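Geometric and topological summary
Listed here are the chains, written in short residue letters.
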Amino acid sequence: TVKNRSAEYSDEENKIVEEELKNFVIFKDQKTKDIKMDVPTTVARIAFSEGSNQAWGFATTVMRTTPEEIVGLSWDTMSRGKHRDDDLEKSGDETVNDHNQLVYNRKATPKIISDRDFLGRMIWKKTSESVLVVVARPEESLRRPALDGVVRGKFPNTMRMIRLNNRETKVEFLV
């Protein structure tokens, strides 16, 4: 259900977008390793933080579409085209307004590990005339407590789309 269809961004929404965009700057300073991609126009790198078991991933490519079309596709989390065979449950748990939603997804995993679920806040924002941003940030909710036998995964990511011209967009994805 949509609670507020306001085009205005709350202080909290602005803070989330600003914090996530800073990760692009932080990633630039990391020691990275190139990842071979099947698509030659896509460049990808990975970085491991010293003393951490987590990694950063970055990919960039140019798409022949507009930033608005990319946001529209990524925003429609319940579309049939996004259904995967390992999806056990998928829902839009909360729609705060037209640019802020809470999304839930539970996935089946191989029998040797527990199933995973993900609960994340998605926010999109136009930051300048040519840049649109979509952020997804892990979140907890009393409406979605942890399930027995399911591990709550965290998948923070930010996608920055920079309009190059009327037909092309540079997409940068950081996870």
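First, a word on what this report is: a plain description of the structure on this page.

The next thing to look at is the nonpolar core. Of all hydrophobic cores here, the largest spans 11 residues; its members are Ile70, Val71, Trp75, Val103, Met122, Leu132, Val134, Ala136, Met159, Met161 and Val171. Counting only elements with at least two residues in this core, the list comes to helix H2 (67–75), strand S7 (131–138) and strand S9 (157–163). Beyond its immediate chain neighbours, meaning those up to four positions away, Val103 contacts Thr77, Ser91, Phe118, Leu119, Gly120 and Met122.

The pairing of strand S5 (residues 100–107) with strand S6 (residues 115–128) spans 8 bridges and is antiparallel. From the neighbouring strand, Val103 faces S6, where its bridge partner is Gly120. Bridge count between S6 and strand S8 (residues 150–153): 4 bridges; the pairing is parallel. Looking across to S8, one finds that Asp117 is bridged to Arg152. As defined by bridge partners, S6 adjoins S7 across 8 bridges and the pair is classed as antiparallel. Of the residues in S7, the one forming a bridge with Ser128 is Val131.

Let us look at the layout of surface pockets. Taken as a whole, the largest pocket holds about 830 Å³ of empty space. Along the walls of the largest pocket sit 27 residues, with Thr77, Met122, Ala136, Phe155 and Asn157 positioned nearest its centre. For the lining of the largest pocket, the secondary structure elements donating two or more residues are H2, strand S4 (87–97), S5, S6, S7 and S9. Among the residues forming the lining of the largest pocket, the class breakdown is 14 nonpolar, 6 polar and 7 charged. In this structure, the second largest pocket spans a volume of roughly 460 Å³. Those elements that place two or more of their residues in the lining of the second largest pocket are helix H1 (11–28), strand S3 (55–63) and S9.

Moving on to H2. The set of residues buried in H2 consists of Pro67, Ile70, Val71, Ser74 and Trp75. One side of H2 holds all its buried residues, which, seen down the axis, span an arc of 125°. Against S3, S5, S6, S7, S9 and strand S10 (169–174) lie the buried residues of H2.

Counted under the stated rule, the structure contains 17 salt bridges. In this structure, Glu89 engages Arg144 in a salt bridge whose closest nitrogen and oxygen atoms are separated by 3.0 Å. With Glu89 in strand S4 and Arg144 in the loop between S7 and S8, this pair connects stretches of sequence that are 55 residues apart. Here Arg144 falls in the buried class, since its relative accessible area comes to 16%. Note that Glu94 is salt-bridged to Arg121, the shortest N-O span being 2.8 Å. With Glu94 in strand S4 and Arg121 in strand S6, this pair connects stretches of sequence that are 27 residues apart. Comparing Glu94 with Arg121, the two get one shared label, buried. Through salt bridges with shared partners, one network takes in Lys15, Glu19, Glu20 and Arg137.

A few words on the environment of Val150. Checked against the element boundaries, Val150 lands in strand S8. A C-alpha to C-alpha distance of 18 Å links Val150 and Asp93, two positions 57 residues apart in sequence. Once residues within four sequence positions are removed from consideration, Val150 is found in contact with Arg106, Asp115, Arg116 and Asp117.

Basis of the calculations
- Residue numbers here run from 1 along each chain, matching the order of that chain's written sequence.
- Reporting of local features is limited, given that this is a predicted model, to residues whose pLDDT is at least 70; pairs of side-chain atoms are given and counted only at 80 or more, and all residues count toward the totals for whole chains, interfaces and linings.
- Water and hydrogen atoms were dropped before computing side-chain values, which therefore reflect all heavy atoms in the structure.
- By nonpolar core is meant a set of buried Ala, Val, Leu, Ile, Met, Phe, Trp, Tyr and Cys residues that side-chain atoms within 4.5 Å join together.
- Exposed residues in this analysis have more than 50% of their type's maximum accessible area, buried residues have under 20%, and partly exposed residues fall in between, with area computed by a 1.4 Å probe over protein chains only.
- Helical segments are the DSSP runs of H or I of at least four residues, strand segments are the runs of E of at least two, and each set is numbered from the N terminus.
- The criterion used for residue contact is that any of the two residues' heavy atoms lie within 4.5 Å.
- Strand pairing follows a simple DSSP-based rule, namely that at least 2 bridges must link the two strands.
- Residues are called lining when one of their atoms sits within 4 Å of a cavity or pocket point, these points coming from a 1 Å grid over the protein atoms alone, where a cavity is a set in which a 1.4 Å probe fits but cannot get out and a pocket is an open set with protein on both sides within 12 Å along at least five of seven lines.
- Grid points are joined across faces, edges and corners, and a volume is the space filled by probe spheres set on the points.
- Any residue outside Ala, Val, Leu, Ile, Met, Phe, Trp, Tyr, Cys, Pro, Asp, Glu, Lys and Arg is labelled polar, Gly included; the first ten of those are nonpolar and the last four are charged.
- Here the arc refers to the directions that run from the helix axis out to each C-beta atom.
- By definition here, a salt bridge exists when the distance from a side-chain nitrogen of Lys or Arg to a carboxyl oxygen of Asp or Glu is within 4 Å.

None of the figures reported here should be taken as evidence of function without further support.
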